[in-house]
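# Overview (structure and organization)
Here are the chains, one letter per residue:
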Amino acid sequence: MSELLLDPTSENLRRAAACIRNGGVVLSPSDTNMALGVDPDEEAAIDRLYKIKERSQSKPLTLFVRDPADWRQYGYPDEAGVAERLVDAFWPGPPFLIVEASDRVPDHRVQHQGTVSIGCIANPTWRELMAYVDGPLAMTSANQSGTVDDDTLIDLELAREHIGDDVDIIINEGPPESATQATTIVDIANGPRLYREGDLTRADLNAVIDIF
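On a predicted model such as this, the values are computed, not experimentally measured, just so you know.

### Section: the pattern of salt bridges
Between side chains of opposite charge, a pair can form when the charged atoms approach closely. Within the structure shown, the criterion is met by seven salt bridges. The residue Arg 109 makes a salt bridge to Asp 47 at a minimum N-O spacing of 3.1 Å. Placement of the pair is Arg 109 in the loop between β6 (93-101) and β7 (115-120) and Asp 47 in helix α2 (residues 43-53), with a sequence separation of 62 residues. Assessed through its relative accessible area of 16%, Arg 109 is described here as buried.

### Let's talk about the packing of helix α1 (residues 10-21) against helix α4 (residues 124-133)
Orientation of α1 relative to α4, taken along the N-to-C sense of each, is 55°, at an axis distance of 8 Å. Classed by the angle they form, the pair α1 and α4 counts as oblique. Seen along the crossing, α1 lies across α4 with a hand that is right-handed. Of the residues in α4, those touching α1 at Ser 10, Leu 13, Arg 14, Ala 16, Ala 17, Ile 20 and Arg 21 are Thr 125, Glu 128, Leu 129, Tyr 132 and Val 133. In terms of residue class, the contact of α1 with α4 is built from seven nonpolar, two polar and three charged.

### Concerning α2
Residues three or four positions apart in an α-helix share a direction because the helix packs 3.6 residues into each turn. Along α2, the residues that are buried comprise Ala 45, Ile 46, Leu 49, Tyr 50, Ile 52 and Lys 53. Looking down the long axis of α2, one finds its buried residues gathered within 160° of arc, a one-sided arrangement. Residues of α2 that are exposed and point more than 90 degrees away from the buried face comprise Ala 44 and Lys 51. Just downstream of α2 lies Glu 54, where phi reads positive at about 55°.

### Regarding the environment of Gly 119
Summarising the element assignment, Gly 119 is placed in strand β7. Taking the relative accessible area as the measure of exposure, Gly 119 reaches 0% and is therefore buried. Sequence separation of Gly 119 and Arg 66 is 53 residues, and the distance between their C-alpha atoms is 8.7 Å. The contact partners of Gly 119, leaving out residues within four places of it in the chain, are Thr 62, Leu 63, Phe 64, Val 65, Trp 91 and Phe 96.

### Observations regarding helix α5 (residues 156-163)
For α5, every residue scored as buried is listed here: Leu 156, Leu 158, Ala 159, His 162 and Ile 163. For α5, the arc enclosing every buried residue in end-on projection is 160°, short of the 170-degree limit, so these residues lie on one face. Away from its buried face, by an angle of more than 90 degrees, α5 presents the exposed residues Glu 157 and Glu 161. Buried residues belonging to α5 abut β1 (5-6), β2 (26-28), β3 (35-38), α2 and β9 (169-171). With its phi angle positive at about 55°, Gly 164 sits one or two positions after the end of α5.

### As for the packing of aromatic side chains
The description of an aromatic ring pair uses the distance of the two centres, along with the angle that the planes make with each other. The full count for this structure, using the stated rule, is two aromatic pairs. Ring plane angle 70° and centroid distance 6.2 Å describe the contact between Phe 64 and Trp 126, whose orientation is recorded as edge-to-face. Within this pair, whereas Phe 64 is found in strand β4 (residues 62-64), its partner Trp 126 is found in helix α4, the two being separated by 62 residues in sequence. As far as burial versus exposure is concerned, Phe 64 and Trp 126 are alike and both buried. An aromatic cluster of three or more residues is present, and its members are Phe 64, Phe 96 and Trp 126. Directly above the aromatic system of Tyr 50 lies the positively charged group of Arg 109, at a separation of 4.7 Å from the ring centroid.

### Concerning the pairing of β3
Residue alternation in β3 divides its side chains into two sets, Ala 35 and Gly 37 and Leu 36 and Val 38, and both sets are buried. In this antiparallel pair of consecutive strands, β2 and β3, the connection spans six residues. For β3 and strand β8 (residues 137-141), the ladder comprises four bridges, and the chain directions are antiparallel. Looking at β8, one finds that Val 38 is bridged to Ala 138.

### As for unusual backbone geometry
The phi angle of most residues is negative, glycine excepted, and most peptide bonds adopt the trans form. Following Trp 91, the chain continues into Pro 92 via a peptide bond in cis, with omega recorded as -5°. Positionally, Pro 92 belongs in the loop between α3 (82-90) and β6. A positive phi angle, near 50°, is found at Gln 113, a position not held by glycine. When you line up the elements, Gln 113 lands in the loop between β6 and β7.

Parameters at a glance
Residues numbered from 1 in each chain as written. Predicted model: local features only at pLDDT ≥ 70, side-chain atom pairs only at ≥ 80, totals over all residues. Heavy atoms only, no water. Salt bridge = Lys/Arg side-chain N within 4 Å of Asp/Glu carboxyl O. Helix = DSSP H or I, 4+ residues; strand = E, 2+ residues; numbered from the N terminus. Buried < 20%, exposed > 50% of the residue type's maximum accessible area, 1.4 Å probe, protein only. Axes fitted to C-alpha atoms, helices over the stretch in contact; angles between N-to-C directions. Parallel < 35°, antiparallel > 145°, perpendicular 65-115°, else oblique. Left-handed = near helix turned anticlockwise from the far one by under 90°. Contact = heavy atoms within 4.5 Å. Nonpolar A, V, L, I, M, F, W, Y, C, P; charged D, E, K, R; others polar. Arc of directions from axis to C-beta. Phe/Tyr/Trp six-rings, centres within 6.5 Å; stacked < 30°, edge-to-face > 60°. Lys NZ or Arg CZ within 6 Å of the ring centre and 35° of its normal. Pairing = 2+ DSSP bridges.

Below, the structure is given as structure tokens:
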């Protein structure tokens, strides 16, 4: 096994969390694709992530929190309470919410025109990792930009094909049986509107908020 490739034991997840806090780039499982994660306050780590992924600098990263209520630290709720209802119904898990960014969100490639995309993942390995990180992560799928279709699941094998050993630590775990392939994105800041329909459908959303 490569020295970078670690089984998801508690000891190794603590090691990965320390790596993130120290400005490293970690490849880990999520609810969808294998994902690259960094400390959102570490500009050098974010720059490195963009270089690894060959991602356009105009495309912001998504900010992930461990506990659903934590999103309020980084985004402002809408007057109609749509974001709160979606969080209560679906987090941890899909969807991502685009909301007005608070002043706690770093400007460097996480905010976009005063908004931020926020997610909260259900994957148990990722959640344990986040307990040791004790803060948010900026993340994106672990493939080179523009090279795979949106409905392609980036598993560990494909992720390593794309990013090789350019990261500091790889958590050696495939997606759980409940893994989804496409993330649903709801834009609260400029709507609300359904920005992208994924495995969580318009009908699923309307069962909670009935506006789409």
